[in-house]
Amino acid sequence: MTLPNGLTPEAARDQAARAYELDRKHVFHSWSAQKSLHPMVITAAQGCYVWDGDGNRLLDFSSQMVNTNIGHQHPKVVAAIQEQAATLCTVGPAYVNDARSEAARLIAERTPGDLDRIFFTNGGADAVEHAVRMARLHTGRYKVLATYRSYHGGTETAVNLTGDPRRWPNDHGNAGVVHFFGPFLYRTQFHATTEAEETERALQHLEQTIALEGPSTIAAVILESVPGTAGIMVPPPGYLAGVRALCDKYGIVFIADEVMAGFGRTGKWFAIDHFDVVPDLLTFAKGVNSGYVPLGGVAIAPHIAATFDDRAYPGGLTYSGHPLATAAAVATINAMTEERIVENAADMGERVIGPGLRELADRHPSVGEVRGLGVFWAVELVRDRATREPLAPYGGTSPAMTETVAAAKAAGLLLFVNYNRLHVVPPCTIGEGEFKEGLAILDQALTVADGHTV
């Protein structure tokens with residue numbers, strides 16, 4: 001018996017032990033207190049599965065960082081990276097190369113409206129940085145409005161735009177960012193009882209924020225089309241169209257952050273396509289090539305791009321449109337199209353994942369709500385359904401969550417976890433049998449959470 005990478009279990013365990021030892025000696029991990037950290041080793045991956053350092057196979061319902069949309073080790077993408085490496089490993093951003101040009105064409109064909117110019121970055125955070133820079137230069141204004149319960153990246157501007165507690169240690173109040181409440185009916189800030197009320201009151205709140213901050217001072221409003229890490233809160237009908245209308249009314253640039261939700265995750269190429277809205281700028285990363293090589297970018301509307309027709313854009317990156325990354329993007333997008341992977345995500349979400357999670361919610365008192373689209377779902381865990389008290393505090397964790405996640409992992413399921421939520425975000429390629437395998441494990445793990453309810 002061998003693992004997908006050709007190693008025997010014994011060799012894989014030896015390799016994992018050495019990797020773990022060196023990691024703890026030399027690797028400084030992000031978003032972590034280093035001393036208490038005990039990271040899991042991954043020695044192999046294939047499709048929807050990963051293998052840990054002990055040779056255990058786990059179903060990857062996290063897609064790692066919600067980015068392996070096409071699954072692990074897709075042969076067409078691996079071959080494209082190998083072929084590009086043998087042809088041209090790197091080239092400066094000022095030069096034309098066919099991988100970058102073709103990737104830009106394929107992305108532009110799929111972005112909404114006329115967002116046909118593509119600025120490549122190395123990931124999602126720097127895509128957000130450059131989108132904000134473009135908006136500020138285009139408008140001559142500085143402030144940017146972003147929601148609480150959001151995540152836009154870990155670099156300076158992006159982390160200040162972020163609305164979750166990871167912003168706090170980095171926020172000195174001088175980034176030109178103003179936060180407001182987005183719609184989230186389950187934990188409404190607007191005392192709404194219906195989606196229509198939530199939309200109306202959330203838009204009134206946004207317009208009041210614009211008025212009080214001064215429309216002439218605001219460069220952009222940035223929103224995740226469907227917020228990801230913050231809770232997969234699908235916006236209610238009419239909300240994104242209302243934001244678009246407010247931005248048009250006050251001359252504000254509308255930036256759609258599709259870093260996590262884009263490239264098939266919600267069952268469409270971009271999440272904003274569910275709402276028939278076209279932003280001025282759209283940021284992407286993660287799913288564009290399933291994270292096989294770091295890549296991100298900004299899709300730019302003509303009126304924004306025209307600002308820099310005769311005026312140099314003051315920004316760039318050494319690895320912008322790197323050949324290995326863009327070759328991986330070309331292969332990923334073509335494979336997703338040929339294999340109808342986006343359609344699979346839509347079908348699985350509507351026919352299998354949504355109904356399966358809702359059935360679990362009916363049977364487990366710890367589940368307050370399930371919500372999502374495609375292969376992008378959140379299971380909100382609560383101590384008390386009546387009061388909606390979360391199973392872990394905002395910005396923190398709890399023994400109940402730790403035990404629940406540990407139970408899932410011990411049974412062979414890897415989950416994306418944030419505060420009191422389990423995110424069910426498998427690759428877009430997942431099949432019905434694989435999902436039901438994971439659902440059965442999740443069903444068992446939720447009995448642990450149920451033991452902490454009142």
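In this text the structure is predicted, and so the values were computed from the model without any measurement.

Caption draft 1: Region of the structure containing the sheet that holds strand 3 (residues 57-60). Spatial strand order, 1-2-3-14: 4 strands in an open sheet with mixed pairing. Because the sheet does not close on itself, it has two edges, and the strands there are strand 1 (42-46) and strand 14 (413-414). Sheet topology note: the strand 3/strand 14 ladder contains 2 bridges and is parallel. Across the sheet, residue Leu59 finds its bridge partner in strand 14, namely Leu413. Here helix 13 (residues 432-450) sits on the sheet in contact with strand 2 (49-52), strand 3 and strand 14, set at roughly 100° to strand 3.

Caption draft 2: Quick look at the packing of helix 12 (residues 399-410) against helix 13. Between helix 12 and helix 13, the shortest axis-to-axis distance is 8 Å and the interhelical angle comes to 155°. Looking at the two axes, helix 12 sits roughly antiparallel to helix 13. Considering how the two elements wind past one another, helix 12 and helix 13 form a crossing that is right-handed. Touching Glu403, Thr404, Ala407 and Ala408 of helix 12 are Ile441, Ala445, Val448 and Ala449, all from helix 13. Among the residues making up the contact of helix 12 with helix 13, the classes are represented as 6 nonpolar, 1 polar and 1 charged.

Caption draft 3: Layout of the state of the cysteines. Taken as a whole, this structure holds 0 disulfides when the rule is applied. For the unlinked cysteine Cys48, the closest cysteine sulfur is that of Cys428, found at 9.5 Å. By relative accessible area, Cys48 is classed as buried at 3%.

Caption draft 4: Region of the structure containing the packing of aromatic side chains. This model, assessed by the stated rule, comprises 10 aromatic pairs. Between Phe120 and Phe284 the ring centres are 6.5 Å apart and the planes differ by 90°, which places this aromatic pair in the edge-to-face class. Of this pair, Phe120 sits in strand 4 (residues 117-121) while Phe284 sits in strand 9 (residues 281-284), placing them 164 residues apart in sequence. Residue classification places Phe120 among the buried positions, given a relative accessible area of 3%. Given a relative accessible area of 0%, Phe284 falls into the buried group. Residues Tyr394 and Tyr419 carry aromatic rings whose centres are separated by 5.4 Å and whose planes lie at 65° to one another, so their mutual orientation is edge-to-face. In this pair, Tyr394 is assigned in the loop between strand 13 (389-390) and helix 12 and Tyr419 in the loop between strand 15 (416-418) and strand 16 (421-424), connecting sequence segments 25 residues apart. In this structure Tyr419 comes out as buried when scored by relative accessible area, which is 14%. Chaining the aromatic ring pairs together yields one cluster made of Phe120, Phe263, Trp269, Phe270 and Phe284. The lysine or arginine in question, Arg136, covers the ring of Tyr142, its NZ or CZ lying 3.7 Å from the ring centre. A cation over an aromatic ring shows up here: Arg166 above the ring of Trp31, its NZ or CZ 5.1 Å from the ring centre.

Caption draft 5: The sheet that holds strand 6 (residues 177-180), seen in detail. Pairing is mixed across the open sheet formed by 7 strands, whose spatial order is 4-10-9-8-7-5-6. The sheet terminates laterally at strand 4 and strand 6, the two strands that pair on one side only. With direction set aside, neighbouring strand axes in the sheet form an average angle of 20°. Inspection of the sheet shows strand 8 (residues 253-257) paired to strand 9 by 3 bridges, in the parallel sense. By the bridge assignment for strand 9, Asp257 is matched with Thr283.

Caption draft 6: Spatial organisation of the pattern of salt bridges. Inspection of the entire model under this criterion finds 25 salt bridges. Through salt bridges with shared partners, one network takes in Glu102, Arg105, Glu109 and Arg110.

Caption draft 7: Representation of the nonpolar core in the model. Counting residues in each nonpolar core, the largest one holds 103 residues, and the members touching the most others are Tyr239, Val243, Phe284, Leu357, Leu381, Phe435 and Leu442. Sequence-distant contacts of Leu381, defined by excluding residues within four places in its chain, comprise Ser366, Val367, Pro390, Leu391, Met401, Asn420, Leu422, Leu446 and Ala449.

Caption draft 8: Just the environment of Asp310, in detail. Within the secondary structure layout, Asp310 lies in the loop between helix 9 (302-305) and helix 10 (323-338). Separated by 289 residues in sequence, Asp310 and Glu21 place their C-alpha atoms 54 Å apart.

Caption draft 9: Layout of unusual backbone geometry. One non-glycine residue, Gln64, adopts positive backbone phi at about 65°. Turning to its location among the elements, Gln64 is positioned in helix 2 (residues 63-66). Its identity is not glycine, yet Arg388 carries a phi of approximately 65°, on the positive side.

What counts, and where the lines are drawn
Think of each chain on its own: its residues are numbered from 1, step by step along the sequence as written. A pLDDT threshold of at least 70 governs which residues receive local features in this predicted model, and a stricter bar of 80 or more applies before side-chain atom pairs are shown or counted, although totals over entire chains, interfaces and linings include all residues. Water and hydrogen atoms play no part in the side-chain values, which are based on all heavy atoms of the structure. One bridge is not enough; two strands pair if DSSP finds at least two bridges between them. Runs of H or I in DSSP of at least four residues are treated as helices and runs of E of at least two as strands, each being numbered from the N terminus. Residue contacts follow a heavy-atom distance rule, with two residues in contact if any of their heavy atoms lie within 4.5 Å. Axes here refer to lines fitted to C-alpha atoms; in helices the fit is confined to the stretch in contact. Angles between the N-to-C directions go from 0 to 180 degrees. Angles below 35 degrees are treated as roughly parallel, those above 145 as roughly antiparallel, those between 65 and 115 as roughly perpendicular, and all remaining angles as oblique. For any helix crossing, the convention is left-handed if the near helix is rotated counterclockwise from the far helix by under a right angle, and right-handed if that rotation is clockwise. Gly is put with the polar residues, along with every residue not named as nonpolar or charged; the nonpolar set is Ala, Val, Leu, Ile, Met, Phe, Trp, Tyr, Cys and Pro, and the charged set is Asp, Glu, Lys and Arg. What counts as a disulfide here is a pair of cysteine sulfur atoms lying within 2.5 Å. Accessibility here uses a 1.4 Å probe with only protein chains present; expressed as a share of the type maximum, an area under 20% marks a residue as buried, one over 50% as exposed, and anything in between as partly exposed. Aromatic contacts are taken between Phe, Tyr and Trp rings whose centres are within 6.5 Å, Trp giving its six-membered ring; a plane angle under 30 degrees counts as stacked, one over 60 as edge-to-face, and the others as tilted. Two limits define a charge over a ring: the Lys NZ or Arg CZ must be within 6 Å of the ring centre, and within 35 degrees of the ring normal. Only one rule defines a salt bridge in this text: a Lys or Arg side-chain nitrogen within 4 Å of an Asp or Glu carboxyl oxygen. Residues grouped as a nonpolar core are buried Ala, Val, Leu, Ile, Met, Phe, Trp, Tyr and Cys residues, joined through side-chain atoms within 4.5 Å.

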